[in-house]
Amino acid sequence: MKVVVTYAGVPAKTKVDDYTPWVTSTNGAIALGEPEIAAWWFPSNDHPRDKATYSMDITVPKGLEAISNGTLRRTTYGKKTDTWSWRTTKPMTTYLAFMAIGDMKITKGVSAKGIPWLNAVTVEKNPTTRRAAADLARTPEVTDWLATQFGPYPFEATGGVVPAGKPGFALENQTRPVYPQEYWTKGPNIGIVVHELAHQWFGNSVSVKNWKDIWLNEGFASWAEWRWEETHGGPSANAAFKEMYDARPASDTKFWNVILTDPGPGDEFAGAVYDRGAMTLQALRNRVGDPAYHSIIRGWAKKHRYGNATVEEFIAYASKQSDEDLRPFFRAWLSTAGKPKPSAELGFPAEMIPKS
Ligand SMILES: [Zn+2]
């Protein structure tokens, strides 16, 4: 059955409860958001479980760039307008579809491992955009490195976009994350590039079944930043774990009381989902050992490639692969309020466990 939906709208004028995820800039606009955005610019069954492939034709005033997901099939040049046609060949959830229109410089190539990449950076010239462009240029290198950690890259292309305008957050849009300039105001920031590209495996290929499963996205992408650091001359992941643990006193209930198996409406993107989420994975690594840990996360990415999964399924999978009942371990880290006390059972680094 083929369904044709004809529709029209002015996204910038549409607000729900006085809120709009639609971002405009001096010379363009960005459709970017999680989980709200898709309904602002295309009709869809806006749920992460309803994946599809996409073709997008974006007509813009002549001279502007229109960037989206996947591969640029063609640009059709008209008298007053140009049309940019993009196509994704792998399943994608609605919120990962994006569009960025503006005056941007495009660079492209193929990574050492053969993945085509395309970056687009706003033409505004200042130290911030220069730093952003320098880190974005490492996208092919980071994508290839992540494949050594998590298994083959799941998509047909990689890249990144730094648009004009202020979305206020970075997002892991499929094949081509979008980053706000202000993430580079203080200096280089390769960590955000590692984070958003790690989501291509965890979040985009393996997607949440329900939004309460968001730890499967953010915990994993945050842990990937620690792993990058420890393999690129930075502190070990256990050092990052200890720093995070020590920085958050037990009285910080806003952090320690978030239930990561179901953060609840409004807390899907709480700091704990990211930071305690990354600690949980590093603790799992300490608990089961490096070989088992790496095979669990690679196996997980493979088992659910292009699909959807739940936290409960991950717990069962990790238990089966390590041949240990990890339910009490995950209960303490993910679904018990309060700061866990250092122990070997909970996967704390040896140097943090008190000698009795
Ligand atoms: Zn993230």
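Keep in mind it's a predicted model, so treat the numbers as computed, not measured.

A. Spatial organisation of the coordination of the zinc ion. The zinc ion binds to the protein through His 195 (NE2), His 199 (NE2) and Glu 218 (OE), with metal-donor distances spanning 2.0 to 2.1 Å. Donor residues for the zinc ion sit on one chain with the sequence pattern H-x3-H-x18-E. You can see His 199 sitting in the loop between helix H4 (190–198) and strand S11 (207–208) and its partner Glu 218 sitting in helix H5 (residues 215–231), a full 19 residues away along the chain. His 199 sits in the buried class, given a relative accessible area of 0%. A relative accessible area of 2% means that Glu 218 is categorised as buried.

B. Spotlight on the sheet that holds strand S2 (residues 28–31). As summarised here, the arrangement of the 4 strands in space is S1-S2-S7-S4, forming an open sheet in which the pairing is antiparallel. Of all strands in the sheet, those with a lone pairing partner are strand S1 (22–25) and strand S4 (65–67), marking the two edges. Averaged over all adjacent pairs, the angle separating strand axes in this sheet is 15 degrees, with direction ignored. One ladder, built from 3 bridges, connects S2 with strand S7 (residues 99–102); its direction is antiparallel. Note that in S7 the partner of Ala 29 across the bridge is Ile 101.

C. Quick peek at the nonpolar core. Among the nonpolar cores identified, the biggest contains 71 residues, and Leu 146, Trp 215, Phe 314 and Phe 330 are the most heavily contacted of them. Counting contributing residues per domain, this core is built from domain 1 (11–198) and domain 2 (208–352), each supplying no fewer than three. The next biggest cluster of nonpolar side chains, apart from the first, holds 34 residues, and it includes Ala 66, Trp 84, Met 99 and Leu 118.

D. Inspection of the pattern of salt bridges at higher detail. Applying the stated criterion across every chain yields a total of 10 salt bridges. With its nearest N and O atoms 3.2 Å apart, the salt bridge here joins Glu 313 to Lys 209. Taken as a pair, Glu 313 in helix H10 (residues 311–322) and Lys 209 in the loop between S11 and H5 lie far apart in primary sequence, 104 residues in all. Exposure remark for Glu 313: the relative accessible area of 29% places this residue in the partly exposed category. You can call Lys 209 partly exposed: its relative accessible area is 25%. One salt bridge in this structure joins Asp 325 and Arg 327, with 2.9 Å as the shortest N-O distance. Salt bridges linked by common partners bring Arg 227, Glu 230, Arg 285 and Asp 290 together as one network.

E. Region of interest: the packing of helix H3 (residues 139–150) against H4. The N-to-C vectors of H3 and H4 enclose an angle of 55 degrees; their axes lie 10 Å apart at closest approach. Overall, the two elements H3 and H4 adopt an arrangement that is oblique. Considering how the two elements wind past one another, H3 and H4 form a crossing that is right-handed. Residues Thr 139, Val 142, Thr 143, Trp 145, Leu 146 and Phe 150 of H3 form the contact with H4, whose own contacting residues are Ile 190, Val 193, Val 194, Leu 197 and Ala 198. Among the residues forming the contact of H3 with H4, the class breakdown is 9 nonpolar, 2 polar and no charged.

F. View of the environment of Ser 236. Looking at the secondary structure, you find Ser 236 in the loop between H5 and helix H6 (237–247). Overall, Ser 236 belongs to the partly exposed group, its relative accessible area being 34%. It is 32 Å that separates the C-alpha atoms of Ser 236 and Gly 33, two residues lying 203 residues apart in sequence.

G. Structural view of the pairing of strand S10 (residues 158–162). For S10, the buried fraction is high: 5 of the 5 residues fall into the buried class. Going residue by residue along S10, you find Thr 158, Gly 160 and Val 162 tucked away on one face and Gly 159 and Val 161 tucked away on the opposite face as well.

H. Structural context of the UniProt feature "domain: Aminopeptidase N-like N-terminal" (unreviewed entry) in the protein chain. Following the UniProt record, the feature "domain: Aminopeptidase N-like N-terminal" (unreviewed entry) maps to residues 34–96 here. A helix fraction of 6% and a strand fraction of 38% characterise residues 34–96, whose end C-alpha atoms lie 8 Å from each other.

I. Fine view of the side chain of Asn 69. Note on placement: Asn 69 falls in the loop between S4 and strand S5 (71–77). Judged by relative accessible area, Asn 69 falls into the buried class, the value being 0%. For Asn 69, the side chain forms a polar contact with the main-chain oxygen of Leu 96, separated by 2.9 Å. Polar contacts involving the side chain of Asn 69 include one to the main-chain amide nitrogen of Phe 98, which spans 3.1 Å. The contacts of Asn 69, once residues within four sequence positions are left out, are Met 56, Trp 86, Arg 87, Thr 88, Met 92, Leu 96, Ala 97, Phe 98, Asn 173, Gln 174, Thr 175 and Arg 176.

J. The arrangement of the domain arrangement of the protein chain in detail. When its domains are assigned, the protein chain resolves into domain 1 (11–198) and domain 2 (208–352). On a C-alpha basis, the centroid separation for the pair domain 1 and domain 2 is 28 Å. Contacts between the two partners involve 28 residues from domain 1, matched on the other side by 26 residues from domain 2. Summing the contributions of domain 1 and of domain 2, the shared interface buries around 2,200 Å²; its carbon and sulfur component is 60%.

Definitions and limits used
- Residues numbered from 1 in each chain as written.
- Predicted model: local features only at pLDDT ≥ 70, side-chain atom pairs only at ≥ 80, totals over all residues.
- Heavy atoms only, no water.
- Donors = N, O, S within 2.8 Å, 3.2 Å for Na, K, Ca; no water.
- Helix = DSSP H or I, 4+ residues; strand = E, 2+ residues; numbered from the N terminus.
- Buried < 20%, exposed > 50% of the residue type's maximum accessible area, 1.4 Å probe, protein only.
- Pairing = 2+ DSSP bridges.
- Axes fitted to C-alpha atoms, helices over the stretch in contact; angles between N-to-C directions.
- Core = buried A, V, L, I, M, F, W, Y, C linked by side-chain atoms within 4.5 Å.
- Domains from an automatic or database assignment.
- Salt bridge = Lys/Arg side-chain N within 4 Å of Asp/Glu carboxyl O.
- Parallel < 35°, antiparallel > 145°, perpendicular 65-115°, else oblique.
- Left-handed = near helix turned anticlockwise from the far one by under 90°.
- Contact = heavy atoms within 4.5 Å.
- Nonpolar A, V, L, I, M, F, W, Y, C, P; charged D, E, K, R; others polar.
- UniProt positions renumbered as here; feature names shortened; annotations may be inferred.
- Polar contact = N/O pair within 3.5 Å; in protein donor to acceptor, adjacent residues only side chain to side chain.
- Buried area = accessible area lost by both parts, 1.4 Å probe.

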